[in-house]
Amino acid sequence: MGTVTFVDETTLGARTATEPLAVPEERLRLRELIARRVALETGPEGYGAALARVLDAFAGNGFLVLVGDRQIEDPEEWVTVGPATEVVFLRLVPLVGG
C-alpha cells in the first residue's frame, strides 16, 4: 500500500498540499487519482459534476499533472503509487492579453 499527497501549485510558486491519502492499489490510472482528489474535496454531493469539470479543465490544458518528476498527459495513463507519491496539479495562468 502506498500514499498520495495531492499538491496544488501555481506558476507563481504558491503550493498547498493535502494530508497523505492511503492508496491500496500499486498502480491506477491518472483518471482514478483525479477522481479520488475530487472526492476528497466534494464528498458524495456534487461529485459527478465536479469530476466532469475537472476532467474538462485537464483536457483543455487548464492544469498539468506531475507525478514525481514526470508530466502525465493522458488521463488513461497508468501511475505507480509508492510509499510517498506526490501528485502535483500545476494550474496554468494565461498570459495577459493572450
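Coordinates for the structure precede this section.
Note that this is a predicted model, so its numbers are computed, not measured. (Residues numbered from 1 in each chain as written. Predicted model: local features only at pLDDT ≥ 70, side-chain atom pairs only at ≥ 80, totals over all residues. Heavy atoms only, no water.)

*Asks:* Could you clarify how one ought to interpret helix α2 (residues 47-59) in this entry?
*Replies:* Spacing of three or four residues puts side chains on the same side of an α-helix, whose turn is 3.6 residues. Here α2 spans 18 Å end to end across 13 residues, near enough to the 18 Å set by a 1.5 Å rise per residue. Among the residues of α2, Ala50, Leu51, Leu55 and Phe58 are the ones counted as buried. Seen from one end, α2 has its buried residues packed into an arc of 130°, which puts them on one side. In α2, those exposed residues whose orientation departs by more than 90 degrees from the buried face are Arg53, Asp56 and Ala59. Looking at the buried side of α2, the elements it contacts are α1 (30-42), β5 (63-67) and β6 (70-72). Just downstream of α2, Asn61 is the residue with a positive phi angle, here 65°. (Helix = DSSP H or I, 4+ residues; strand = E, 2+ residues; numbered from the N terminus. Expected span 1.5 Å × (residues − 1). Buried < 20%, exposed > 50% of the residue type's maximum accessible area, 1.4 Å probe, protein only. Arc of directions from axis to C-beta. Contact = heavy atoms within 4.5 Å.)

*Asks:* What am I meant to see in the packing of aromatic side chains here?
*Replies:* The description of an aromatic ring pair rests on the distance of the ring centres and on the angle between the ring planes. All chains considered together, the criterion is met by 3 aromatic pairs. A ring pair is formed by Phe6 and Phe89, whose centres lie 6.0 Å apart and whose planes are at 50°; its orientation type is tilted. Linking Phe6 in strand β1 (residues 2-10) with Phe89 in strand β8 (residues 85-91), this pair joins segments that are 83 residues apart in sequence. According to the relative accessible area criterion, Phe89 is buried, its value standing at 8%. An angle of 45° between the planes, with centres 5.5 Å apart, marks the rings of Phe58 and Phe63 as tilted. Among the residues examined, Phe63 registers a relative accessible area of 11% and is labelled buried. Through pairs of rings, three or more aromatic residues link up here, namely Phe6, Phe58, Phe63 and Phe89. Taking NZ or CZ as reference, Arg37 lies 5.0 Å from the ring centre of Phe89, over its face. (Phe/Tyr/Trp six-rings, centres within 6.5 Å; stacked < 30°, edge-to-face > 60°. Lys NZ or Arg CZ within 6 Å of the ring centre and 35° of its normal.)

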